[in-house]
Amino acid sequence: MTTSTVLLVADLTGVAVFAASGASAAVAKRLDLFGVVFVGVVAALGGGIFRDLVINEVPPLAFADWRYAATAAATAAAVFWLHPQLARLRTTVLVLDAAGLGLFTVTGTLKALDAHVPAVGACMIGVLTAIGGGLGRDLLTGEIPVVLRREIYALAALAGSILVALLSAYGQAHAAGLIVAIAFVFVLRLVALRRRWSAPVATLRPPRTGTRGPRG
Amino acid sequence: MTTSTVLLVADLTGVAVFAASGASAAVAKRLDLFGVVFVGVVAALGGGIFRDLVINEVPPLAFADWRYAATAAATAAAVFWLHPQLARLRTTVLVLDAAGLGLFTVTGTLKALDAHVPAVGACMIGVLTAIGGGLGRDLLTGEIPVVLRREIYALAALAGSILVALLSAYGQAHAAGLIVAIAFVFVLRLVALRRRWSAPVATLRPPRTGTRGPRG
Amino acid sequence: MTTSTVLLVADLTGVAVFAASGASAAVAKRLDLFGVVFVGVVAALGGGIFRDLVINEVPPLAFADWRYAATAAATAAAVFWLHPQLARLRTTVLVLDAAGLGLFTVTGTLKALDAHVPAVGACMIGVLTAIGGGLGRDLLTGEIPVVLRREIYALAALAGSILVALLSAYGQAHAAGLIVAIAFVFVLRLVALRRRWSAPVATLRPPRTGTRGPRG
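Here goes a summary of the coordinates provided. Quantities reported herein were computed from a predicted structural model and do not represent experimental measurements.

## What about the interface of chain A and chain B?
Contact with chain A, which involves 32 residues of that partner, is made by 29 residues of chain B. Between chain A and chain B lies a buried interface of about 2500 Å² when both sides are counted; carbon and sulfur atoms form 77% of it. Taken as a group, Asp32, Phe34 and Phe63 of chain A account for 28% of the area that chain A buries against chain B, more than any other trio of residues on that side. Our count for the contact surface shared by chain A and chain B stands at 0 salt bridges. Taken together, chain A and chain B are joined by 0 residue pairs in polar contact (both at pLDDT 80 or more). For the side of chain A that touches chain B, the secondary structure elements donating two or more residues are α1 (2-28), α2 (33-54), α3 (61-64), α4 (66-87) and α6 (119-140) of chain A. For the side of chain A that touches chain B, the element with the highest residue contribution is α2 of chain A, accounting for 9 residues.

## Considerations on the packing of aromatic side chains
Following the criterion strictly, the structure yields 12 aromatic pairs over all chains and no others. Relative to Trp81 of chain A, the ring of Phe80 of chain A has its centre 4.9 Å away and its plane inclined at 85°; by these criteria the two rings are edge-to-face. With 5.1 Å between their ring centres and 45° between their planes, Phe18 of chain C and Phe104 of chain C make a pair best called tilted. Remark: Phe104 of chain C occurs in helix α5 (residues 90-114) and Phe18 of chain C occurs in helix α1 (residues 2-28); sequence separation between them is 86 residues.

## What to know about the relation of the copies chain C and chain A
Copies of the same chain, two in number, are related to each other by a rotation about an axis and a translation along it. For the pair chain C and chain A, the relating rotation is 120°, the translation along its axis is 0.0 Å, and the fit reaches an RMSD of 0.0 Å. Within this description, the copies of the chain are treated as partners about a three-fold rotation axis. Each copy contacts the other with its own distinct surface, as only 9% of the interface residues of chain C are interface residues in chain A too.

## Some remarks on the interface of chain C and chain A
Accessible area lost during the coming together of the parts is what is often quoted as the interface size. Between chain C and chain A, the residue contacts involve 32 residues of the former and 29 residues of the latter. Contact between chain C and chain A buries roughly 2500 Å² in total, counting both sides, with carbon and sulfur atoms accounting for 77%. Our count for the contact surface shared by chain C and chain A stands at 0 salt bridges. Summed over the shared surface of chain C and chain A, the result is 0 residue pairs in polar contact (both at pLDDT 80 or more).

Quick notes on the rules
- Residues numbered from 1 in each chain as written.
- Chains lettered and ligands numbered in written order.
- Predicted model: local features only at pLDDT ≥ 70, side-chain atom pairs only at ≥ 80, totals over all residues.
- Heavy atoms only, no water.
- Contact = heavy atoms within 4.5 Å.
- Buried area = accessible area lost by both parts, 1.4 Å probe.
- Salt bridge = Lys/Arg side-chain N within 4 Å of Asp/Glu carboxyl O.
- Polar contact = N/O pair within 3.5 Å; in protein donor to acceptor, adjacent residues only side chain to side chain.
- Helix = DSSP H or I, 4+ residues; strand = E, 2+ residues; numbered from the N terminus.
- Phe/Tyr/Trp six-rings, centres within 6.5 Å; stacked < 30°, edge-to-face > 60°.
- Least-squares fit on C-alpha atoms with pLDDT ≥ 70 in both.

Listed below in structure tokens is the structure:
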């Protein structure tokens, strides 16, 4: 009872954090109140909806349990009204976002394993659960997905999902192990942010040198 | 028999209207005939495909009944050839689009309720059925979804889906009640268009005032 | 045994080719290693995931069989490191891409027919299987989908899927018939490339003539 309550609170915290990130992006694009709430809801629930579709848990939890949508919509609306203050809380948001990343990675991977998806597929589903909402947010607001460009964001999720798959394979996927996995993603993400770690970028052939011209 | 025929005709009318909106957007982007038909089909059928996936009605109706695809493709092709004339019918298209919005909201919400999705989730699915095709259209053509920016568009759908959920909860979801709900969305959308109602937009901090510079 | 091995090799070849196309597009957008692999995996597996969701084969093959993800990820990573050399292989890539188009069209259509989707829907699913990954690639990298603009690309897939549906209706959907269908799409696509065939583009009203101005 207590455990499931803790899990629910943790899950809804992740939903709220991702709703806030989506709503902030939408405010920056000057969408109206509905647009801000919509992008917030997609960012908060999109990854989980995709996860539930591929493991055939229908209707997806986001539609089956009203608390998910309510948390997402209320958070996004709050961001709409409060965003000047939130701008000053940027660090807090990044920290919470890292926590959400850890949580969604672990729950996504675990649900896929429980649905008998093999380990590699379960890790992919875990990563997509964690980054899927952000992908939806960026597609809706017309950006190349930040998750594809930002420091180690998705790689932290991938590392966490592999850890969960290993824990599960060795029968250690109980509460303590999972909390370790969540903390692992969380810390990895924060350290990456702090140190500005990033994956290598391909070198393109250098542009031809020209003495003139705006694009020379 | 008569009722189901009326419903089918109404449903296909909605498909045709949304196909026309998708095809018009694709023509404006100078896509070729296939591209215009493809965007038209996505705009017409995308919302319903998403709806059927989340309520586990597979294969989705758009693939199971050829009349949906045929109506969408034929309408989009017609727009491709006739679009200069259609431009003059802009008001007609807006009115039909409002009718399609009402229809898809009501049928989407109702199908979700019939599939035992709780009321809040069913309303979300109803709204996504109604606006999903337009989202697909805008993503394909590289626009920030108009539905997130336009006057009260999705809010009219949301109001209609809540009305359907209430009618269903009180056992009044029969033909007359549903027609009222469709008309409600239709009129709400038209009045919003007419009066240029829109949801509030967040105020951003004003740019710093500068005496010079193009971005000052 | 031999047949299924041949099919698997052919399928994974298609996955590799589409992964290479996705990775190349991501390199051009200067994404980091993870981003390149991610876009490559989406391009390679996206169409098949959509196909499996609509025919209710869950979890989708891309998650159920690790060889699909491994092939896609390894190919995309190779492109990341080797892309200057690959640029010189552009013709080879186009030829392989045409082969992938044929393969995914035929397997997609066939799987849909096997899942009892009616012929028109099965053809739509076959086309979406073949072009879906490329759509995902272009959405992620912020482009209007090339498949909607390029010469006869999707039309070759549509013609191939109709051929498969006809073969199936007349009981000829055995290995030889399917190889003919794959070759048909392959050749049609290559001839279209060679001759620069394309579907007609709608004429827009001419811009107003002006004597001055950058957009006159």
